[in-house]
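Residue-level structure breakdown
The residues making up each chain are set out below.
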Amino acid sequence: MKICVLVKEVPDAAVTKRIDPSTGRMDRSGEKNLNPYDTHAIEAAMQLKEGGELQIDEIVAVTMGPESAVRALHKAVSLGADRSIHLTDPVLAGSDVAATGYALASALGQEEPDLVLLGQQSDDGECYTIGAVVAEHLGMPSLTQVVKMDVTGEAVRCERQAEYGYDTVEVRLPAVISVGDAINEPRYPSLKAIMGAKKKPLQTLAAVDAGIDTSMVGADGSQVRCGEFRAPPQKAAGQIIEDDDTNATVGKIVAWLDERKLI
Amino acid sequence: MADILIYALHHEGTFNKNSLGAITEGARLAAETGGQAHAVVVGQEIPDALAATLGDYGAAKVFKAEGPEGLAQPVVDVMAQVMEENGVQYALFGGGLVGFEAGAGLAARLRAGVTMEVTGVIVEDGKLIAQRPILGDSAISQSRYRDKGIIVGRLNAFEAKTSGGSAEVVAVEAEPSPQAARAVIVSRGEQRGADVDIEGAGTLVAGGRGLGNADGFGLLEELARAFGGNTAVAATRAVVDAGWYPYAGQIGQTGKTVAPKLYLAAGISGAIQHKVGMQSSENIVAINKDANAPIFEFSDLGVVGDLNKIVPKLTEAIAAKRGA
């Protein structure tokens, strides 16, 4: 069985995110990291491989993005992926979520995976959508925010929380599953794994290599155009207390609550 | 003139409140363009009389198909067919997980543009423009569509209003796509954990990942007892998924929406999916050790510190105050 894990490079959570006014796109320069939600997907793949009940031949990390996105792939292989694929091409820049999903599906299709895993959302764009787009192009069933997965040779039994409580869904493989952050506790890579990451095979694909119809990607191929950014109505900033002396802090909280008759 | 198709999520004889809000919003928008709003329901033997009630919220027609509930791909199959056969340009969803999945799948199927987490929609030259908060709600971006547009609302973005209408129910049959045919819903809506009531509480003490483990909720239960009266303990999705607290006590995207007099959040970072369920609370107090936590952007009183040190002393102080 082959598992492909979709990963994404996102701005480090500590770096302030901003829109580049000249392009209307998110400024993705600055410090980058592997999307923290994706580490759960890699861990889920590793646990299937190490579980021993299934023969997992290969775990392949796949990303789309500029040159710097290689770092997300290095992190993914240091966490256990066997090799990685970097889909990168200037024609892909500015793709919206639907175009990105189409491009990724093209690269994934060539791999013929039995299972595609990804994180429940990206830390930057707040999208939970890429999995469903990829699945539609691949003609695979899909499910998001899965917190428990039982994989047999032919199917995955998934549990996830939706609008009315927990649902149990059985999907036949191949399938696209986005995993929730409660599914596991991702491991930390060992120093040896970090050092060895650059030695694992990394394949770079241009759009043409992945069989992508370039009229369907990039800013020109995207069906939605975002822009005209403006500030939302501002709520007055709240009061902040730094807790240096807990007794004093608690005194201030109680006084604040008491003033508003909340006790 | 633009017609809008709205998905109505159904569960055990009722339609989702967010779907009803989307129908009201869709009817308003369609009328502004000179078009009509129609609803789609997918389920097992949903009575025509029930489906027709969607007209009260503004649907002109209700396209009704037999299919499994709680899965997105069967909804994509039906909506794609209805949109193509009837020349519908836009689809609107009221938010929620199935709406996000179906909206994304539909965009791929129809080669449409899609926007998630939409909080407002306007009409310009007969076309819809979706407004979406981005970058932790610090800016609002406008989405324009080349042709077809799929708009997925943020939870509670659209308010349901009744107008007294009744809709014509049209039965549709859509061939399941191969992907839809390969998923089976085994069970739906299982309630995990005790049945806690958080919706009627005047004060809510809520906990997130920052509690460290399930035992952290013990601290919050004690704090809730100190507040006394009409106080309950609530939780974020992440900790409910982790099994630390019952699902019935969950706030946010796939949980409850609350607006108590006081919302005290301990160890909650304030992700959008949580914020949408509690931002209408009258007073928001947050305790978090991370000074950069988004919750401080929308709390009235923010305390940067270790909740393990602060909460027990706060419990004592409130108990003493109430005893005095």
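Residues numbered from 1 in each chain as written. Chains lettered and ligands numbered in written order. Predicted model: local features only at pLDDT ≥ 70, side-chain atom pairs only at ≥ 80, totals over all residues.

A few points about the domain arrangement of chain B
Residue and element names in this part refer to chain B. Once the domains are mapped, chain B shows domain 1 (4–181) and domain 2 (203–323). If you average the C-alpha positions of domain 1 and of domain 2, the two centres end up 33 Å apart. Each partner contributes to the interface: domain 1 provides 7 residues, whereas domain 2 provides 8 residues. When the residues that make up the side of domain 1 that touches domain 2 are grouped by side-chain class, the tally is 2 nonpolar, 3 polar and 2 charged. (Domains from an automatic or database assignment. Contact = placed C-beta atoms within 7 Å. Nonpolar A, V, L, I, M, F, W, Y, C, P; charged D, E, K, R; others polar.)

Digging into unusual backbone geometry
In this structure, A:Pro174 follows A:Leu173 across a cis peptide bond, with omega equal to 0 degrees. With phi around 55 degrees, B:Arg111 is a residue other than glycine that occupies positive phi space. Looking at the element boundaries, B:Arg111 is found in the loop between α4 (97–110) and β7 (113–118). A positive phi is found at B:Asp125, a non-glycine position, where the angle reads about 50 degrees. (Helix = DSSP H or I, 4+ residues; strand = E, 2+ residues; numbered from the N terminus.)

Let's talk about the packing of helix α6 (residues 216–227) of chain B against helix α9 (residues 307–323) of chain B
Residue and element names in this part refer to chain B. Close contact between α6 and α9 brings their axes to 8 Å; oriented N to C, the two are set at 15 degrees. One element, α6, and the other, α9, form an angle in the roughly parallel class. Note that α6 runs across α9; the crossing there is left-handed. Contacts from Leu219, Glu222, Leu223, Ala226 and Phe227 of α6 reach α9 at Val311, Pro312, Leu314, Thr315, Ile318 and Ala319. Split by residue class, the contact of α6 with α9 holds 9 nonpolar, 1 polar and 1 charged. (Axes fitted to C-alpha atoms, helices over the stretch in contact; angles between N-to-C directions. Parallel < 35°, antiparallel > 145°, perpendicular 65-115°, else oblique. Left-handed = near helix turned anticlockwise from the far one by under 90°.)

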